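# Summary of the model geometry
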Amino acid sequence: QVHVVESGGGLVQAGGSLRLSCSASGSTFSTYHMGWYRQAPGKQRELVATITSVGYTNYADSVKGRFTISRDNAKNTVYLQMNSLKAEDTAVYYCSTYISISEIYWGQGTQVTVSS
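Everything in this summary refers to the structure shown in the same document. Because the structure is predicted, anything quoted here is derived from the model rather than measured.

Conventions adopted
Residues numbered from 1 in each chain as written. Predicted model: local features only at pLDDT ≥ 70, side-chain atom pairs only at ≥ 80, totals over all residues. Heavy atoms only, no water. Helix = DSSP H or I, 4+ residues; strand = E, 2+ residues; numbered from the N terminus. Contact = heavy atoms within 4.5 Å. Pairing = 2+ DSSP bridges. Axes fitted to C-alpha atoms, helices over the stretch in contact; angles between N-to-C directions. Core = buried A, V, L, I, M, F, W, Y, C linked by side-chain atoms within 4.5 Å. Buried < 20%, exposed > 50% of the residue type's maximum accessible area, 1.4 Å probe, protein only.

## Observations concerning the environment of A60
Within the secondary structure layout, A60 lies in the loop between β6 (57-59) and β7 (67-72). Put simply, A60 and V48 are 12 residues apart on the chain and 5.2 Å apart in space, counted from C-alpha to C-alpha. Apart from residues lying up to four places away in sequence, A60 is in contact with L47 and V48.

Right, here's the structure in full:
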């Protein structure tokens, strides 16, 4: 069992920035593939960004050039730096930990609200 905890959400004006953090338990964090997803009210959860165990990254088109995912294996933490935030970025942001097809863990989510 892996315990995943997100933090860093909040209220920010459009054009502002936030940095989300996600910590995951376990002594083999460096082998985990990590991801950020978000779910806006009335919408399905969608991928925001992922980072593999070796650092390859992938982004949704809607956030490319504005968001950056990174990881610090020494701290068992993955980050999502969000710049130039827009009202449409408002959502609950979830962190996922992918170990295998049968071992995917999620955090409880952190609310990001962007006021226009």
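## Looking at the sheet that holds β7
Taken in spatial order, the 4 strands of this open sheet run β1-β3-β8-β7, and their pairing is antiparallel. The open sheet is flanked by β1 (4-7) and β7, the only strands paired with a single partner. The sheet shows a mean angle of 15° between the axes of neighbouring strands, taken without regard to direction. Across 4 bridges, β1 lies against strand β3 (residues 18-24) in antiparallel orientation. Paired with E6 across the bridge in β3 is C22.

## Some details on the nonpolar core
M34, W36, L80, M82 and Y93 are the most contacted members of the largest nonpolar core, which has 30 residues in total. At the level of secondary structure, the elements contributing two or more residues to this core comprise β3, β4 (33-39), β5 (46-51), β7, β8 (77-82), β9 (91-100) and β11 (110-115). By residue number, the principal contributor to this core is β3, which donates 4 residues. The contacts of L80, once residues within four sequence positions are left out, are L18, R19, L20, W36, V48, A49, F67, T68, I69 and Y93.

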